[in-house]
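If you want the building blocks of each chain, they are given just below.
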Amino acid sequence: MASEDEINLLVIVVDVNPIWWGQQAQREPELTLSKCLDAVMVLGNSHMAMTRTNKLAVIASHCQDSHFLYPNKNWRGGDNGGEDASSSGDGKYELLSVANNLIAEEIRNVMTKTEVRGNSTETLLAGSLAKALCYIHRVSKEVEVGQEIKSRILVVKAAEDCARQYMNFMNVIFAAQKQNILIDACVLDSDSGLLQQACDITGGLYLKIPQKIALAQYLLWVFLPDSEQRSQLVLPPPAHVDYRAACFCHRNLIEIGYVCSVCLSIFCNFSPICTTCETAFKIQLPQMVKPKKKKLKQST
Amino acid sequence: MDEEPERAKRWEGGYERTWEVLKEDESGSLKATVEDILFQSKRKRVIENHGQVRLGMMRHLYVLIDCSRSMEDQDLKPNRLASTLKLMEAFVDEYFDQNPISQVGIITTKNKRAEKLTDLAGNPKKHIAALKKAVDTLCVGEPSLYNSLNLAIQTLKHMPGHTSREILIILSSLTTCDPASIYELIKTLKSLKVRVSVIGLSAEVRVCTVLTRETGGSYHVILDESHFRELLMLHVKPPPASSSSECSLIRMGFPQHTIASLTDQGAKPSFSMSHLDNSSGPGLSLEGYFCPQCHAKYTELPVECKVCGLTLVLAPHLARSFHHLFPLQAFTESSVEELQEDRFCQACQGELKDKIIFTCPSCRSVFCVECDLFIHDSLHCCPCCIHSQSTS
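As the structure is a computational prediction, the values presented were derived from the model and not from experiment. (Residues numbered from 1 in each chain as written. Chains lettered and ligands numbered in written order. Predicted model: local features only at pLDDT ≥ 70, side-chain atom pairs only at ≥ 80, totals over all residues. Heavy atoms only, no water.)

**Remarks on the overall build of chain B**
Each helix and strand counted, chain B has 11 helices and 17 strands in total. Looking at the 392 residues of chain B, the share that counts as buried comes to 46%. In the structure as shown, chain B presents an accessible area of about 20,600 Å², 53% of it carried by carbon and sulfur atoms. (Helix = DSSP H or I, 4+ residues; strand = E, 2+ residues; numbered from the N terminus. Buried < 20%, exposed > 50% of the residue type's maximum accessible area, 1.4 Å probe, protein only. Areas by Shrake-Rupley, 256 points an atom, 1.4 Å probe, with all protein chains shown as cover.)

Right, dumping it as structure tokens:
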């Protein structure tokens, strides 16, 4: 019977941009990075406690790199030899305590050892999402025959969007949509147009949290149930997604534009040369109507 | 008469000792060689020429399906027609996934005549519904290449010059019944810059060879059903644009999705223009996309507005084609023994168990075989290169 259970894999991508979190600690000391990770750990534990076959993975998305907090490369699943740190004194389910300890240790390593280059407050989510998709792809190949696996990704975003990653982000979204992987988004600070599009295209939930201190409550209420159970709950309504394109020349949102047929760049005004691919366009001239010569009727 | 170099036919070549490809190892098992062969066939797809070739993104493709008596043959299960229609449904799905702003039309030919199954349209649902219904058609008579090509040309010749005009013929019969010389029609096709490709289900037919050679298409004959599917999927990728196709700026509209609830003041339910033809589907609805020029409502995009003629698309539709324009370069192969550091794939964090690993040329990260296939097939971007882009 155990082999007929569905495996639910939840991958949590946490935005740990140290510059944003540092500023946040000065603005509102109630919500710090450690409290945020506590809330994420609560969600992870609850997810693993729902069914025995549920799986979890946590990725920390830093400014220039992303690291897997759990499962760790150095930790082999099921390796019980001599792991004194894993057995907790209060009789907690061992898998949960191992996960918590690993996450705490790894995030300490990541935050202390990773050096911050530049002072951008933007996070590169596209890279972390791409790694999450590769991980999901590997896990789905490793399940036994006959077991189904359903995966979803939850993104906890703090800092602003990085506009340079638009194309990579869209590639990742389409890859996720093709593999039927939901992308949910829990946004702490500023609205993110990219994540709104991601949630709309893949069918996930987008939520901007009104009160940051209650992060754990929102995570458990909205993002713990999986896609089948969501149809029976009344969840926050979908956000209005702006799908208008931005023109390449001014970055304004336009409703009617001109698209180059070669490189698909969008312009708001007609110009004879495409600035991206430098093709000269053929301009349609209005057809000249020649005046018809009237034939003189020969009167017979 | 013929300028083409005569290829050696298969029966003219020497003996191929196909059994020598398989080699047994010490225990007598063939597993290693079978895995090797599968791996090579997977890699074949990835190693392609990712040159800076201009691709035809907006495509108008007509698929001509032969419905003559030879389609009732049962060499493809359950019969050729059912198998073809099922593969066509998968093709239509993949096609619109890779080319969201293109259009497809389906024409069938039987009993020496040709008729349109569906018109050129950008919505996959209509085509799939028509294909599902077509399973019951009777296969009689002979196909007519001339009539079906003529029918396709009549629509394709009005298409604007910057789009690519293509025809894909699935021909199973070895004969065709034409009212006039097909070589004249081939000249017309060439002058209209239409590219014709053929997938033969029975055997190679000379007329098709000439047709595809003159118009610049490809001709293949299937070996079995999986080969059929492979050949069909070859036509999903956008073909290189011919040098004679014009480039122009196309005027497009990007409508907003309006969702109004009943409690909103002034929310008026309205009809969608796409439902004017058929009465199926919901009539009045509150939400939809309004054309920015004439405010006609549509429920699904991409579509060409029936009232004002503006092409309506969403920004993600254009974004779907970006990976064709900026393709990911192939990764370099190397052996796993050369790796000094920990043997972990940097994308999926799995151990590198295979003998071969792949390295991205720009960021020098190491990936395993599965991740390499996944990255090149679906992701189209290297996970580690995205990070290094930020510092530049």
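**Here's the deal with a nonpolar patch on the surface**
Judged by side-chain polarity, B:V21, B:L22, B:L30, B:V34, B:I37 and B:L38 come together as a nonpolar surface patch covering roughly 490 Å² of accessible area. Within the secondary structure, B:V21 is located in the segment before helix 1 (31-46). (Patch = residues over 30% accessible without salt bridge, like charges linked within 9 Å, V, L, I, M, F, W, Y side chains within 5 Å. Salt bridge = Lys/Arg side-chain N within 4 Å of Asp/Glu carboxyl O.)

**Overview of the packing of helix 4 (residues 125-142) of chain A against helix 5 (residues 166-178) of chain A**
Residues and elements named next belong to chain A. Contact geometry of helix 4 with helix 5 gives a least axis separation of 9 Å together with a crossing angle of 25 degrees. In terms of their interaxial angle, helix 4 and helix 5 are classed as roughly parallel. Here helix 4 and helix 5 pass one another in a crossing that is left-handed. Together, L125, A126, L129, A130 and L133 of helix 4 and N168, F169, V172, A175 and A176 of helix 5 make up the contact between the two elements. Class assignment for the residues of the contact of helix 4 with helix 5 results in 9 nonpolar, 1 polar and no charged. (Axes fitted to C-alpha atoms, helices over the stretch in contact; angles between N-to-C directions. Parallel < 35°, antiparallel > 145°, perpendicular 65-115°, else oblique. Left-handed = near helix turned anticlockwise from the far one by under 90°. Contact = heavy atoms within 4.5 Å. Nonpolar A, V, L, I, M, F, W, Y, C, P; charged D, E, K, R; others polar.)

**Side note on helix 1 (residues 18-27) of chain A**
Residue and element names in this part refer to chain A. Within helix 1 the residues assigned to the buried category are W20, W21 and Q24. Viewed along the axis of helix 1, the buried residues span an arc of 95 degrees, placing them on a single side of the element. Regarding helix 1, its N-cap is N17, as a side-chain oxygen of that residue lies 3.2 Å from the backbone nitrogen of I19 further along. (Arc of directions from axis to C-beta. Polar contact = N/O pair within 3.5 Å; in protein donor to acceptor, adjacent residues only side chain to side chain.)

**Comments concerning the UniProt feature "domain: VWFA" (unreviewed entry) in chain B**
UniProt tags residues 60-202 of chain B as "domain: VWFA" (unreviewed entry). End-to-end, the C-alpha atoms of residues 60-202 of chain B are 27 Å apart, and along that stretch the chain is 36% helix and 27% strand. (UniProt positions renumbered as here; feature names shortened; annotations may be inferred.)

**Describing the side chain of A:S265**
All names here are of chain A. By secondary structure assignment, the location of S265 is in the loop between strand 9 (256-260) and strand 10 (266-267). A relative accessible area of 1% means that S265 is categorised as buried. Excluding anything up to four places from it in sequence, S265 contacts F248, Y258, V259, C260, C274 and T276.

**What to know about the interface of chain B and chain A**
Between chain B and chain A, the contact holds 55 residues from the first and 60 residues from the second. Counting the surface lost from both chain B and chain A, the interface buries some 5,300 Å², and carbon and sulfur atoms represent 65% of this. Considering only the surface of chain B that becomes buried against chain A, B:L249, B:F254 and B:H387 emerge as the three largest contributors, covering 15% of it. Here chain B and chain A share 2 salt bridges between them. The partner of B:E370 in a salt bridge is A:K141, with the nearest N and O atoms 2.9 Å apart. For the interface between chain B and chain A, the tally reads 6 residue pairs in polar contact (both at pLDDT 80 or more). If you list the elements that add at least two residues to the side of chain B that touches chain A, you get helix 2 (80-98), strand 7 (249-253), helix 8 (315-320), helix 9 (322-325), helix 10 (369-379) and helix 11 (383-391) of chain B. (Buried area = accessible area lost by both parts, 1.4 Å probe.)

**Regarding the packing of aromatic side chains**
Where two aromatic rings form a pair, the distance of their centres and the angle of their planes describe that pair. In this structure the tally under the stated criterion is 7 aromatic pairs over all chains. An angle of 45 degrees between the planes, with centres 6.2 Å apart, marks the rings of A:Y218 and A:W221 as tilted. Residue A:Y218 and its partner A:W221 are both found in helix 7 (residues 215-223); the two are separated by 3 residues, about one turn of the helix. Ring centres of B:F91 and B:Y95 lie 5.8 Å apart, and the angle between their planes is 35 degrees; on these two criteria the pair is classed as tilted. Taken as a pair, B:F91 and B:Y95 lie in helix 2 at a separation of 4 residues, close to a single helical turn. By relative accessible area, which is 0% here, B:F91 ends up buried. An aromatic cluster of three or more residues is present, and its members are B:F91, B:Y95 and B:F96. Between A:R27 and the ring centre of A:W20, over which it is positioned, the NZ or CZ distance is 5.6 Å. (Phe/Tyr/Trp six-rings, centres within 6.5 Å; stacked < 30°, edge-to-face > 60°. Lys NZ or Arg CZ within 6 Å of the ring centre and 35° of its normal.)

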